[in-house]
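Residue-level structural notes
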Amino acid sequence: MTTTQAIAHQLAEVINRYSTDYIEARFEESQTSYISYRGRELDSIGRASAIGGNVRAMVKGAWGFVSFNDFNELPGRVELAIRQAQFAGNEESQLAPAEPVVDTSAMAQDKNPVVIPLAEKKQLLDEYNDIIWHTPKLQTAIIDYGDSYKKVIFLNSLGSYIEQDRADVTLRLTAIATQDNEVQQAGLSLGSRGDFSLIQGRHQQVGQMAQLAVELLSAPQVKGGEYTVVLDPVLAGVFAHEAFGHLSESDFVYENDRVRQIMTLGRRFGSDELNIVDNATIPGLRGSYKYDDEGVPATKTYLITEGKLVGRLHSRETAAKMKEKPTGNARAINYCYPPIVRMTNTYIEPGAASFDELIGDIKEGIYVKNWYGGTTSMEMFTFSAGEAYMIRHGKLAEPLRPVVLTGNVFTTLMNIDGIGNDLEMNQGGGCGKGEQVPLPVSNGSPHIRIRHCLVGGR
Amino acid sequence: MEQILAQAKRVAEEAEAFMVSSEETPVQFEANRLKHIQSKQSSYVALRIIRGGKIGYATATELGDSQNLVNAAVETAQFGMIAKFELPSLSVYPEIEVFDPKVESVSTEEMINLGEELIATVRGHTPDIVCEAGVSKAIISIHIINSRGGQANYKQSIFSLGVAGHLIRDTDMLFVGESESSCHPLTETKAIAGEVLRQLELAKNRASIPSKPLPVVFTPRGLASALILPLMVAFNGKTVLKGASPIGNRLGQPVFDDKLWLWDDPTLAYRPESRPCDDEGIPSQRTPLIQQGAITNFLYDLQTAALAHTQSTGNGSRNYGGLPAPSPSAFIIKPGNTTFDEMVTDIKEGLVIEQLMGAGQGNILGGDFSGNVLLGYKVESGRIVGRVKDTMVSGNVYQLLKQITAIGSDARWVGGSINTPSLYCPTLSVASK
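Residues numbered from 1 in each chain as written. Chains lettered and ligands numbered in written order. Predicted model: local features only at pLDDT ≥ 70, side-chain atom pairs only at ≥ 80, totals over all residues. Heavy atoms only, no water.

**Some points on unusual backbone geometry**
Along the chain, Val437(A) connects to Pro438(A) via a cis peptide bond; the corresponding omega equals -10°. One can find Pro438(A) in strand S24 (residues 436-440). With a phi angle near 75°, Asn32(B) is a residue other than glycine that sits in the positive phi range. At Asp390(B), a position not held by glycine, the phi torsion is positive, near 50°. With respect to the element layout, Asp390(B) can be found in the loop between strand S16 (383-387) and strand S17 (391-396). A residue is classified by how much of its surface remains accessible, and Asp390(B), at 21% relative accessible area, is partly exposed. (Helix = DSSP H or I, 4+ residues; strand = E, 2+ residues; numbered from the N terminus. Buried < 20%, exposed > 50% of the residue type's maximum accessible area, 1.4 Å probe, protein only.)

**With respect to the interface of chain A and chain B**
On the side of chain B, 68 residues touch chain A, which itself brings 79 residues to the contact. If you look at where chain A meets chain B, you find seven salt bridges. Two residues, Arg258(A) and Asp128(B), come together in a salt bridge whose shortest N-O distance is 3.3 Å. On inspection of chain A and its partner chain B, the count reaches 31 residue pairs in polar contact (both at pLDDT 80 or more). (Contact = heavy atoms within 4.5 Å. Salt bridge = Lys/Arg side-chain N within 4 Å of Asp/Glu carboxyl O. Polar contact = N/O pair within 3.5 Å; in protein donor to acceptor, adjacent residues only side chain to side chain.)

**Quick word on helix H2 (residues 74-88) of chain A**
Compared with the 21 Å implied by 1.5 Å per residue over 15 residues, the 22 Å span of H2(A) between its first and last C-alpha is a close match. Residues of H2(A) that are buried: Leu74(A), Arg77(A), Val78(A), Ala81(A), Ile82(A), Gln84(A), Ala85(A) and Ala88(A). All buried residues of H2(A) project into a common sector of 155° when viewed along the axis, lining one side. On its buried face, H2(A) sits against helix H1 (3-15), strand S1 (22-38), strand S2 (41-59) and strand S3 (62-68) of chain A together with strand S2 (33-51) of chain B. (Expected span 1.5 Å × (residues − 1). Arc of directions from axis to C-beta.)

**Digging into the domain arrangement of chain A**
Interfaces are often sized by the amount of accessible area the parts lose when they come together. Residues and elements named next belong to chain A. Taken domain by domain, chain A consists of domain 1 (3-217) and domain 2 (225-455). When each unit is reduced to the centre of its C-alpha atoms, the spacing between domain 1 and domain 2 is 22 Å. Domain 1 puts 49 residues into the contact, and the matching count from domain 2 is 41 residues. Summed over both partners, the interface of domain 1 with domain 2 comes to about 3400 Å²; 47% of that surface belongs to carbon and sulfur atoms. Applying the counting rule to domain 1 against domain 2 returns four salt bridges. Close ionic contact of Asp103 with Lys290 constitutes a salt bridge, the shortest N to O distance being 2.9 Å. Counting the contacts that link domain 1 with domain 2 gives 20 residue pairs in polar contact (both at pLDDT 80 or more). Of all elements in the fold, only S1, S2, S3, strand S4 (102-106), strand S5 (138-156), strand S6 (161-179), strand S7 (182-192) and helix H4 (203-217) reach the threshold of two or more residues within the side of domain 1 that touches domain 2. Among the elements that make up the side of domain 1 that touches domain 2, the one with the highest residue count is S7 (eight residues). When its residues are assigned to classes, the side of domain 1 that touches domain 2 shows 20 nonpolar, 17 polar and 12 charged. (Domains from an automatic or database assignment. Buried area = accessible area lost by both parts, 1.4 Å probe. Nonpolar A, V, L, I, M, F, W, Y, C, P; charged D, E, K, R; others polar.)

What follows is the structure, encoded as structure tokens:
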């Protein structure tokens, strides 16, 4: 038994002594390694280990939360969490029912990428860096590699005791080209559920990325305005996540009557072709798990079916308050934070159209690919494409400078009028919500077409 | 700590141990009500060594396991950067006050009262707004020792207070908010609530705006959300060293309007971004970055400075526990003498930007910014007439700041790390539905 396991077992007995509405604890042991390049040279290489835990208590509808990496005085910390909750609580606690789960079989499921020798990881990054540096007009490159392996123990006052592990690998490459006083960049984000081999052998993609940065130097800037745009699977996945996914997170909905009205189940959000899913049960994806951080089993949740809102993402608390079933979407980035409602693997299901059919009848439009980032204020969203091309008379035409797309979520979803048949999942992203960033998630979509999309430009 | 350093010295030429420990108590309100009281204790130790001339680095939360920490640092040193710098042997630092013991003794009740007061004021003005509020106190201790005898120790207190409201009418959403932080306890909610009420007042009516280049006023918040990030990246010594900063070879040259002055300042008393020394133990200094429109300095840590054949500016920072890297402390833009009202009065047709969303997504290195005007107001004939929606702006920081019509006299803190006045620019590209 490891130290953490021993402490967890000890605490399982302690928490039953208190009469609170609910109490849970989470312990984590993690290892990480990272390598980054700024330019030709390696910039930083390091290893980190962390161990820590937290206790969360609910009394009369309010939460107390205590996190620590000093394991002394554990009973005192439990009492502090309860005192805080007592202090804040003044209504009835509501948590959707959850079965007590005792399961340690989800431990040791993932490959641990941290134990791969740093020399092997560095070798791969050196190869990618060489490719970038052999591209003419390339000014510099940024490479950030990181991996982690984490063991998590969860227990609660219902009698649950769960051990799970989670491995994660991310690689972000950026190529920066300059000419005169112009600077342009192109990026590539890769990731996997701990499987290092999935980021190997990407030499060709890295070369194309570097070439793109150079080509952007001579590309024109698009004229701002409304266009018909076609999104590639990467960017459409980001769109599904940012523009719609965050709206499905019930912690934004459950205590706000106005939002509840907007997010009424059955309301039409898009055409009959549109289906959007959040699914934590797909093996091997970065957003997947067996149990969430409240010990609730992961589920596949349809958010939109045939254009209509049919579901949303829940923690036990939001599910109870909305009288719906918990979906197992309470996640915390690490032991320093309480779980909040988050997405897992979010995607638009494939439709029937081929790429050629999607662009075939567009007289003047924009094809946008790849991803710089995206953010949302629920109603409004912006997301940026790393790569863009004019579409003229049904054909791809000249490359453009990267563009930013923005719009109103509700009208934009309605304006999706073509869904491709080529679903791809993108493992390169990380999601931020409040202070908790980056959380491993994945997004996916086939190519999609949106009418009347506002594109920023000069 | 001393033991880690001693163990490291046995296997390395140089070594430095950095330890940070913090205790934080956030009180959070959701949907107008008290929801969460938290207490967060955390600490970690970072070991940096120079072995065979190369930098090795490892961190751990467990102080007890010093041999593993040393071993991990030794492994990484095989591949590390060649160390070009010398650790400082200093132990005398400027007196910069960043700790107020009164923060520690603020009671949970007092913190709850502040949050309730903020929400009550905002809802008193607009009853159907839904508010989130946060009140937080934190005590942070930093301890640095190195093999050259250098050492630094200081304690910092941080108190912060903020409120955010969303007002939803059908699918129309309005987001307003303001926050403040200090090393002193904050006891007044008036200024924060007042700022939120001002935003609500200005956003009451709706206005449409044409798609074309228009004169624009950035409020302090608007400026922080749109223009600061590209500048922070461009003045970072590491960006400059790699040749990726568009101003990297323009030291001493006029690049911006001569009304523009910018400096980095970690020496202001009782500011959350202030400190007696940086995370490498280099004394804090005020570093001018733009003087009268000309580039005067870039920000450096020890290693980057050594590679660039210059001196550290005391900007070595360990974000997220990583190796020290150059990072700004607090960016200060010098106020001018035009009032906000005078700027607005001067505009026949234009836009006031209060909050830009997504500005940091584009080609930041090139200075491009583009984003959705999350909160902004249309100006007609010298008067704010209402809030604009479905509106995007795009521009380039270097082009925009080359010609500034006026700089405001209304400088204030936005978040903990930016102090700026409003800025009035002659033209910015606006796209709207």
